[in-house]
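# Fold and contact review
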Amino acid sequence: MNYSSNEQALEQAINDLPKELEPSRDLWAGIEQAVAKTEQEHAKPTIYSNWKSIAAAFLPIAFLAGFYINGSNPNTDTMPWLEPVTASFELQKQQLLKRVSDHPQITNNWQQSLKELEQAEQSLKQALKSQPGDPALMKMLTHVYQRQLDIIAKSHQPKYIQI
Amino acid sequence: MTGNVIQPAAFKQRQNNADDEQGWIEQLKQGKQTALKPLYDKYGKQVYALCYRLSGDAELAEDICQEVFVQVWKKIGNFQGDSQFSTWLYSVTSFQAINYMRKQKRWWQSWFVDKDSTSGEAMVDTIPTNDEQHDFALFRSGLDKHIANLPQQARIVFVLFAIEGWRHEEISKELNIAVGSSKAQYHRAKKLLKEALTLEEQNRGVVA
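So, a few notes on the structure that sits alongside this text. The shown structure was predicted, so the numbers you read here are calculated from the model rather than taken from an experiment.

### Considerations on the overall build of chain B
Looking only at helices and strands, one finds eleven helices and zero strands in chain B. Taken across its 208 residues, chain B has 31% of its residues classed as buried.

### A short note on the environment of C65(B)
Mapped onto the fold, C65(B) is located in helix 3 (residues 58–75). For the pair C65(B) and L50(B), spaced 15 residues apart in the sequence, the C-alpha separation amounts to 8.8 Å. For C65(B), the residues in contact, after removing those within four places along its chain, are P23(A), L27(A), V47(B), Y48(B) and C51(B).

### Notes on the interface of chain A and chain B
Each partner contributes to the interface: chain A provides 37 residues, whereas chain B provides 41 residues. Every element with two or more residues in the side of chain A that touches chain B is listed here: helix 1 (3–15), helix 2 (28–36), helix 5 (110–130) and helix 6 (135–154) of chain A.

### Remarks on unusual backbone geometry
Its identity as a non-glycine residue notwithstanding, N176(B) has a phi of 60°, on the positive side. By the secondary structure assignment, N176(B) is in the loop between helix 10 (168–175) and helix 11 (179–207).

### Focus: the packing of helix 2 (residues 36–55) of chain B against helix 3 of chain B
Residues and elements named next belong to chain B. At a minimum axis separation of 8 Å, helix 2 and helix 3 run at an interaxial angle of 135°. As summarised for this structure, helix 2 and helix 3 are arranged oblique, according to the angle between their axes. Between helix 2 and helix 3 lies a crossing of right-handed hand. Across from L36, Y40, V47, Y48, C51, Y52 and S55 in helix 2, the residues of helix 3 making contact are A58, L60, A61, I64, C65, V68, F69, V72 and W73. Classifying every residue of the contact of helix 2 with helix 3 by side-chain character gives 15 nonpolar, one polar and no charged.

### Let's talk about the packing of helix 3 of chain B against helix 4 (residues 85–102) of chain B
All names here are of chain B. Viewed as axis vectors pointing N to C, helix 3 and helix 4 meet at an angle of 125°, and their least axial separation amounts to 9 Å. Between helix 3 and helix 4, the interaxial angle falls into the category oblique. Crossing of helix 3 against helix 4: the hand is right-handed. Seen from helix 3, the contacting residues are I64, E67, V68, Q71 and V72; seen from helix 4, they are L89, V92, T93, Q96, A97 and Y100. Its residues placed into classes, the contact of helix 3 with helix 4 shows seven nonpolar, three polar and one charged.

### So, the nonpolar core
By size, the foremost hydrophobic cluster in this structure holds 46 residues, and its most contacted members are V47(B), Y48(B), C51(B), C65(B), V72(B), V157(B) and F158(B). Every element with two or more residues in this core is listed here: helix 1 (8–29), helix 2, helix 3, helix 4, helix 8 (143–148), helix 9 (152–163) and helix 11 of chain B. It is helix 2 of chain B that contributes the most residues to this core, ten residues altogether. Viewed by domain, this core spans two of them, domain 1 (10–106) and domain 2 (110–208) of chain B, each represented by three or more residues. Residues L124(A), M140(A), L141(A) and Y145(A) belong to the second largest nonpolar core, which totals ten residues.

Thresholds applied
Residues numbered from 1 in each chain as written. Chains lettered and ligands numbered in written order. Predicted model: local features only at pLDDT ≥ 70, side-chain atom pairs only at ≥ 80, totals over all residues. Helix = DSSP H or I, 4+ residues; strand = E, 2+ residues; numbered from the N terminus. Buried ≥ 20, exposed ≤ 12 C-beta atoms within 10 Å, placed from the backbone. Contact = placed C-beta atoms within 7 Å. Axes fitted to C-alpha atoms, helices over the stretch in contact; angles between N-to-C directions. Parallel < 35°, antiparallel > 145°, perpendicular 65-115°, else oblique. Left-handed = near helix turned anticlockwise from the far one by under 90°. Nonpolar A, V, L, I, M, F, W, Y, C, P; charged D, E, K, R; others polar. Core = buried A, V, L, I, M, F, W, Y, C linked by C-beta atoms within 7 Å. Domains from an automatic or database assignment.

Here's what the structure looks like:
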């Protein structure tokens, strides 16, 4: 199959995808039960939306001012626990990086892995902003922090075992 | 002459359907739980299809699909009618599916796996054999089985971009990745799907 027929085959397969798929079980009973226990959220009034737009226009200024005055990250306002945890981890990470800087590297791609873990850390913090008390997310963030330290430590050979 | 011209009866039917849907939405906004059922009957299988394609897991997709309709009930007040209800519903579905998957261990594991470990060949190998399919009621045909076998990030980007029509800018924002990463994941998904389709074609030729 050449490139263009390959491309066409994929295009055709996308077009042929069924619009509907049948679940294996009846989902309605579960939805009905959950809905009976769930309260509806009321729509935000328009005046609030307008106020929000005005506030949004001032947000960059407020952000910079707040950051300058307090020297803190405003994203952690709803998660007071996050700032000390992050600060403690960053300190450990920097100390570890300093300690291993003159050790020979065992693996070549550890920086890439570290970068991906840092991206995961940012995504988790982002997710925590919408669900600040989610224990699963908090646990995963701790795991990602630990993995970063592990990768830095394991990718460098300790001096005492060098020949 | 019929062609594509909408006949009065068909037009009337379509108009009635739209009116019905509008009525259910209004009732839902007024807190009538019974109005959710006709919307589920109309859109449930489409929502499930999107959940399945995004998650690649039939069981998880069922849980997400249920959660989507609970969210529709909860947040219907936010639907202002600026777009079609179906557009709003698919958008709720995509956000809900991604949020739901974020809470799964597999989501975070996908950050740690070797990015080149999946090949089209490996994807074809994971397709159930005929014997396995016999008891596998949820086996999907066509492209769906290959989409389900894509690596997680590539699958989500592919479904949102190629099937749902999102822009890479929107995808990158939702997944908290760079626009370039979104494009790279899309090309990776396309490459893997083409390889899988080619191999499947070749295997079919050998069997025949």
